[in-house]
Every structure is written in structure tokens, then in C-alpha cells.
Amino acid sequence: MSADINALDAPVTSLKGVGEALAAKLGRLRIASVADLLFHLPLRYQDRTRITPIGTLRAGHEAVVEGDVVAGEVVRGRRRSLLVRLRDGSGILSLRFFHFSPAQQQQFQPGVRVRCFGEARAGATGLEIYHPEYRLLSADAPPVEDHLTPIYPATEGLHQTRLRALIEQALSLLDEQPEALPDWIDSELRRRFGLPELHHCLHVLHQPTPDINPAQLASGQHPASQRLALEELLAHRLSLRQVRLRIQKDGAPRLPSGRNLQARFLTQLPFSLTGAQRRVLDEISVDVAGETPMLRLVQGDVGSGKTVVAAMAALSAIAGDCQAAMMAPTEILAEQHFRTFRDWFEPLGIEVAWLAGKLKGKARLDTKAAILDGRARMVVGTHALFQGDVHFQRLGMAIIDEQHRFGVHQRLALREKGEAGGLTPHQLVMTATPIPRTLAMSAYADLDVSVIDELPPGRTPVKTVVVPDERRPDVVARIRHACAEGRQAYWVCTLIEESEVLQCQAAEATRDELTEALPELAIGLVHGRMKAADKAAVMDAFKAGELDLLVATTVIEVGVDVPNASLMIIENPERLGLSQLHQLRGRVGRGSTESFCVLLYHGPLSANSRERLAVMRETTDGFRIAEKDLELRGPGEVLGTRQTGLAQMKIADLERDAELLERVAPLADALLLSHPDASQPLIRRWLGEEAGRYGQV
Ligand code: ADP
Ligand code: MG
């Protein structure tokens, strides 16, 4: 290959012996270029660099062993096997083969010297290795390996030996053309941040010398793996920053004068704002008075009153002759927000529109027309708001509720809705899932954060009890009692099967069962497969107090607000994540009566489930719950990885590498200061061409 072609950027097919079929298999491992092979790091290592005396071997150890065959014979135990006894002077070991050929059986004549590799285990004859890799040795035995043997993530039809050979080829190319893979963290920065050099790290990780502890390498604690993980986190951070810069390059409408309208709104509210709400609103006012688009995340526990904050932000846009849009992740929630906003805004003479996927035909056309000609000043909806056929006259404020369900890209799509009017809307993102600080630093690096750290007055914390399924009759009695006192209750059926159909059927069965057990109560049912209008009708009836008990699937998880409901039963809570349970539980405890949450589990519980339910019983602090959730389930689950892109990390592990996150921000700052041009190639290296392009303005 000629030196002016970058051998590492070339596709894998440029390597010897790689055709389309193999390239396709590599593609399954997300390896497209030669450089991608270099970043395909081992999962773990085997130590084949030394021969272990049989006498020092322990069960569970993987080792290379060398010895002379004492006997090789077919034995008939429960399963027929070939048993080879091997002796090396320090002890005796058995090799056992359950599958073997006559030729193999012939090989193991007494006195033949064998070198083998495998994991020793306690077997019928003492220590045994099942199906070892082995070779017969002649007088001039080849040397053992001179470095630890990497074990790579592999895929069907693509085995370790093949991968190893390809990666070795890539490493030789790297040695020939070191400049083809620049270390974008230059020597000065490496010195300041105490980081090893890139090529050195790659060599260490693919071909570690025997003095390196394989366990340290595999656990990601070795400086070489830490350096690569840090570089990956850096790339993610730079990419988010780029998104932010790209958004902020555009002008936003200045919205300095919402005061009058906001004041009129506040006087008609039945309550006054909490200090925390006022503080967050002040932060928002400062943002929207400027010419750069606001990018703000409002974090507030379930029930902390984020909707009012959203309404106030919307009013600042409406007062500034712009439209405001609020997007919610589910139809139920969008519908509820629509009603809330209509009740709040129509008295102020502001038209509120609703848009969701299910809105069809003429109603949809009318709504779209009202959005386009600006009659609809406030628009509430689901992600249907993103669709290409929805055009705003002049969108000034885009509000996204329950952010963890949407990704950066969807937020950008909403931003583009403002472009027709030559403006980039301000963005307000609201979430009840408190994001642990370390995650906030990476996933939300492009947002400023405000926190509503105070609940409205008069709330009593929800009391939570954990009850086994056998005590269902007691729980039913409790509902009867609560409803007799004029209170309302939820009964939440969680996912029993992976299928939504079955889940809805289960909810129907529960409704029937409860209707029979509690004939004096009015019981409603709401689940994901009902028509939007039917769902809304049931929710309305519950809100109006016409229903005593609402049986529901987890569709009610987010945002539903019925203050008179003070009892919630959650069936099979062990199936849900903590944050989800916290969200659900947040549906009660919204009024001033004491509220209860019954976690009705189906035993026996695993240790992990027991621990999770105990957390729910002990605390109502959303932040603690989120941290515990992170600890017990990992960031992917907690944040809904697909959307955030965090699952796609190749090397970094947000939990394991939490410490590294602290170093990412200063490293990013330093890099942008000294080498702004390194940002783009780093993003491309770790997030792909797509993300690289995406950042171009
Ligand atoms: P969340 O933050 O979970 O979205 P909501 O905005 O739905 O919370 O508010 C929960 C409930 O608290 C609603 O009934 C809302 O009207 C009420 N609320 C909000 N702010 C206040 C306040 N300052 N004082 C009293 N009640 C409030
Ligand atoms: Mg809410």
C-alpha cells in the first residue's frame, strides 16, 4: 500500500484475506475501517505466557500445562469420554474429551508430550480440563506466547483466531504509518492530565506483556484502558457541546416583557408559587431576554410543580408575539397538559391547540392550519409535533416534558420548527428523573440546569408498604375503606408479559376481579390499547371523582394529576425500575391527606428485588432513588439508553468510569483552547461520520 494513502482509514477489505463476507461479519461488530479494528478492545485476557506446574494448578484457573501422557483410554461414566492422564513431575492432571475421533484417541500414546490450555476444574479423577486446546510436542517445542492472549467480543462465524490475526495486521500497519492515527490529545495535554500516549495504549491493550495483571486490564482499571475510555467520553462531550454551539449560533426571539401576562395568569391560580419555582422562573427570564436560544433543563421531583413553570415560560413567548409548544412523551400526558393549559390560558384569551398522532382528518388539518397561521398561540402534543408537515407561524418557546424519553436529536427537530420564522426557539426541557450528577455531566452537557428543590406546601410524604400477594384480601379491604371515606385509588398492573396485548388483558382481568370484590365502587380501566378519546373519558371521570378506583397499566406513569387520589396499589413492583416506581408513586401524595402506596409483590423475591423495594419503603427522595437505581441497574436502563446514545459507548462504562467523568470537562476545555481543530476528528473517531457531519454548521 502506498504511503500517501491512509492505511488505517481504509475499509477492512483493504486487508489481506478480507472479502465482502468477512467484512459483513465485522460490520456486525461495528468494525468498518482498519482503525475500527484497533479500537475493538479485548473483553479479557488469557495468560499463555508461562507453563504452570500441574502441582500448583487450582480449580478455576486457566493455564498452560505441559506433561507426558501416562494413559489415554475411553471411559464409560454417565457419558462416554476420552480420558487422558498427564504427568509433569509435580502432579497428575486429566484431560477429558466428550467428543473425540478415533484418530485423536490414537494420538495419546503413553510417553507422548502434550502442551495444553484450558480451565482446570475439580472432576471425578481430581483436577481435570475438559476439551483443552492442545498440541503434541516434538523435541524442539515452540516457545510459549510472549504476550497475554486477548479475547475479543466476537460474532457468529468470526472467531478469536481470525480476529486476532486481523488486529495484528492492523497493529503492523499502525507501526508502519504511525501518523495515520494521530493522538489528538497532544503531548502537552497528556502530561498535564497524566495520560499515556495513544499508540502505546493500543499496543498494551491488544498485546499486553506478561508482567501486566490480566485482571486489572479486564476490569478497565489499567491506565491504557482508562485513557481510551476518557478519550471516548471526551468525544461525546465535544459532540454535545457542538450541538449546543450550533443551536446558539442562531438568533432567538428576545422575550423580555412577559411580566404583565404572567402576572394576570398568576392571579387566577389557586395557589402561589414556591420559592424554588420563582427562582427557576427568574433564571428562565434572564435566558429568554437575551438573543441566544435558551437551552435549559428543569429538574424537579415528581409533584414539584413543573407544569406551572412551563406555563409561565410559554407566556413569556406568547407575550413576545411568538407561539409556544409543549411536547409530552405519551398521549395521555399530552392530553392532560392540553386540558390544564386550556383551563389556564383560555381565560387570558389565548387559543390552545392539541396535536397527536391519533388526531386525523379534518380535525388535524384545522389544527395544522391554526398552528401555521398563528391563531394557536399555545400548542400541546406528542412527538407528532416533530413531523415534517407541522409548521409554526413563529415558534418562540419549545418545552419538552419528561426529557429522559427524548433524545438530543428529537430536541433538535423541534428547534428546526422555528426556522421557518427565521428564529430558533428557546428550549425548556423538564424532567422528574433526577439525573445523578456524573451522568448530567455527560448526557446533558449541552443544557444549563435549574432545580426545583422544594415541594408545594401541605404535602405529606407517601407512606409505602411492601406486602406479599397472599395478603391481597387485606389490600382490597383497604381500598374499600379509603373509598368509603371519599378518597380515590389507583391499582397499577405492571408488565406481566413482554407483550402489550397481554398486559392489557391482565389489566382487564384485574378490573373484573376487583369489580366483583368491590361491587359498591365505581371502577374504571385505562390501558395503552384504548382509543385516545376513551382513555381521556376515563381519566376525566376519575379526575371528576366519578370513579373511585382506577385500574391502569403503567400508561399512567408520567404526569397524571388527581390530587384526591391518595392510595396506590402497584402489582408486581419487582418488575419495575426504581425510577419508574417513583414516578408511579408520585401520582399519589398530591393533596393534603395522608397517602399510601402498597407494593404488592409476588414472591419469592431475589436479593436485588428485595433491596429495591426496601429503598422505596425507606425514602421518597427522588434523587436518592435515582442514585440507587443507577447502582442497581446501570445507567443504560435508568436513562433509557437508546435515546441518549450512551449505550453506544464502545469502551467507557459510565458506572465503572464515573471518576473519569470528573476529568472530561476540564480536558475538553483545555483541548478546545489549545487544539480546537482536534474536536471534529475526535468526534468522528468515536461517534462516527454521522455525528462528525452533524456538528458542521
Ligand atoms: P410535576 O412537577 O410532577 O409535573 P405538576 O406540575 O403536575 O408536578 O404539579 C403537581 C401538582 O401540584 C398540581 O396539582 C399542581 O397544580 C400543584 N402545584 C404546583 N405548584 C404548586 C404550588 N406552588 N402550590 C401548590 N400547589 C402547586
Ligand atoms: Mg409533570
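Coordinates for the structure precede this section.
Quantities reported herein were computed from a predicted structural model and do not represent experimental measurements.

Q: I'd like a rundown of the sheet that holds strand β16 (residues 463–468), residues and numbers included.
A: Pairing within the open sheet is parallel, and its six strands lie in the order β16-β21-β20-β17-β19-β18. One side of each edge strand has no neighbouring strand; the edge strands of this open sheet are β16 and β18 (523–526). Strand-to-strand twist in this sheet, taken as the mean axis angle between neighbours without regard to direction, amounts to 20 degrees. Direction of pairing for strand β17 (residues 488–492) relative to strand β20 (residues 565–571): parallel, over a ladder of five bridges. If you follow valine 492 over to β20, its bridge partner there is isoleucine 570. Of the strands in this sheet, β16, β17, β20 and β21 (596–601) are in contact with helix α19 (residues 578–585), which crosses β20 at around 150 degrees.

Q: An account of the nonpolar core is needed here, citing residue identities and associated values.
A: Leu8, Leu26, Leu37, Leu38, Leu181 and Leu228 are the most contacted members of the largest nonpolar core, which totals 62 residues. Counting residues per element, the ones that place at least two in this core are α1 (20–28), α2 (34–38), α4 (160–176), α5 (187–193), α6 (198–206), α8 (223–249), α24 (658–674) and α25 (679–694). Considering each element in turn, this core owes the most residues, eight residues, to α8. Sequence-distant contacts of leucine 8, that is, excluding residues within four places in its chain, are made with Ser33, Val34, Ala35, Leu38, Ala170, Leu173, Leu174, Ala180 and Leu181.

Q: Account for the packing of α8 against α24, with residues named and values stated.
A: Packed helices, taken two at a time, are described by their axes: the angle between them and the distance between them. Where α8 contacts α24, the axes come no closer than 9 Å and their chain directions differ by 60 degrees. Two packed elements cross with a definite hand, and for α8 against α24 that hand is right-handed. Within the contact between the two elements, α8 uses Gln226, Ala229, Leu230, Leu233, Leu234, Arg237, Leu238 and Arg241 and α24 uses Leu660, Leu661, Arg663, Val664, Ala665, Leu667, Ala668, Asp669, Leu671 and Leu672. Partitioned by chemical class, the residues of the contact of α8 with α24 number 13 nonpolar, one polar and four charged.

Q: I'd love a proper account of the sheet that holds strand β9 (residues 295–300), names of residues and values included.
A: Reading across from one edge, β11-β12-β10-β13-β14-β9-β15 is the order of the seven strands in this open sheet, with parallel pairing throughout. Strands at the two margins of the open sheet, each flanked by one partner only, are β11 (352–355) and β15 (448–452). For this sheet the average axis-to-axis angle between neighbouring strands, irrespective of direction, equals 20 degrees. With five bridges joining them, strand β13 (residues 395–401) and strand β14 (residues 426–431) adopt parallel strand pairing. Pairing of alanine 398 across the sheet is with glutamine 427, part of β14. Contacting β9, β13, β14 and β15, helix α10 (residues 275–289) crosses the sheet at an angle of about 155 degrees to β15. Sheet strands in contact with helix α12 (residues 331–345) are β10 (323–327), β11, β12 (378–381) and β13, and its direction is about 170 degrees off that of β11.

Q: Explain the site of ligand 1 to me, using residue names and the numbers behind them.
A: Inspection of the region around ligand 1 gives 16 residues, with Gly303, Lys306, Thr307, Arg459 and Asp561 positioned closest. One of the side-chain nitrogen or oxygen atoms of glutamine 277 is found 2.9 Å away from a nitrogen atom of ligand 1. Note that an oxygen atom of ligand 1 is positioned 2.7 Å from one of the side-chain N or O atoms of lysine 306. Its free accessible area being 560 Å², ligand 1 has 87% of it covered by the protein chains. Class assignment of the residues belonging to the shell around ligand 1 gives a composition of four nonpolar, seven polar and five charged.

Q: Mind laying out helix α18 (residues 532–543), listing which residues take part and the relevant values?
A: Here α18 contains twelve residues, and its C-alpha end-to-end distance of 16 Å stays within 8% of the 16 Å for a straight helix at 1.5 Å per residue. Taken as a whole, α18 has its buried residues at Ala532, Lys535, Ala536, Val538, Met539, Ala541 and Phe542. Among the structural elements, α12, β17, β18, β19 (549–552) and β20 are those in contact with the buried residues of α18. After α18 finishes, the residue glycine 545 shows a positive phi value of roughly 85 degrees.

About the cut-offs
Residues numbered from 1 in each chain as written. Chains lettered and ligands numbered in written order. Predicted model: local features only at pLDDT ≥ 70, side-chain atom pairs only at ≥ 80, totals over all residues. Heavy atoms only, no water. Pairing = 2+ DSSP bridges. Helix = DSSP H or I, 4+ residues; strand = E, 2+ residues; numbered from the N terminus. Axes fitted to C-alpha atoms, helices over the stretch in contact; angles between N-to-C directions. Contact = heavy atoms within 4.5 Å. Core = buried A, V, L, I, M, F, W, Y, C linked by side-chain atoms within 4.5 Å. Buried < 20%, exposed > 50% of the residue type's maximum accessible area, 1.4 Å probe, protein only. Left-handed = near helix turned anticlockwise from the far one by under 90°. Nonpolar A, V, L, I, M, F, W, Y, C, P; charged D, E, K, R; others polar. Near = heavy atom within 4 Å. Polar contact = N/O pair within 3.5 Å; in protein donor to acceptor, adjacent residues only side chain to side chain. Areas by Shrake-Rupley, 256 points an atom, 1.4 Å probe, with all protein chains shown as cover. Expected span 1.5 Å × (residues − 1).

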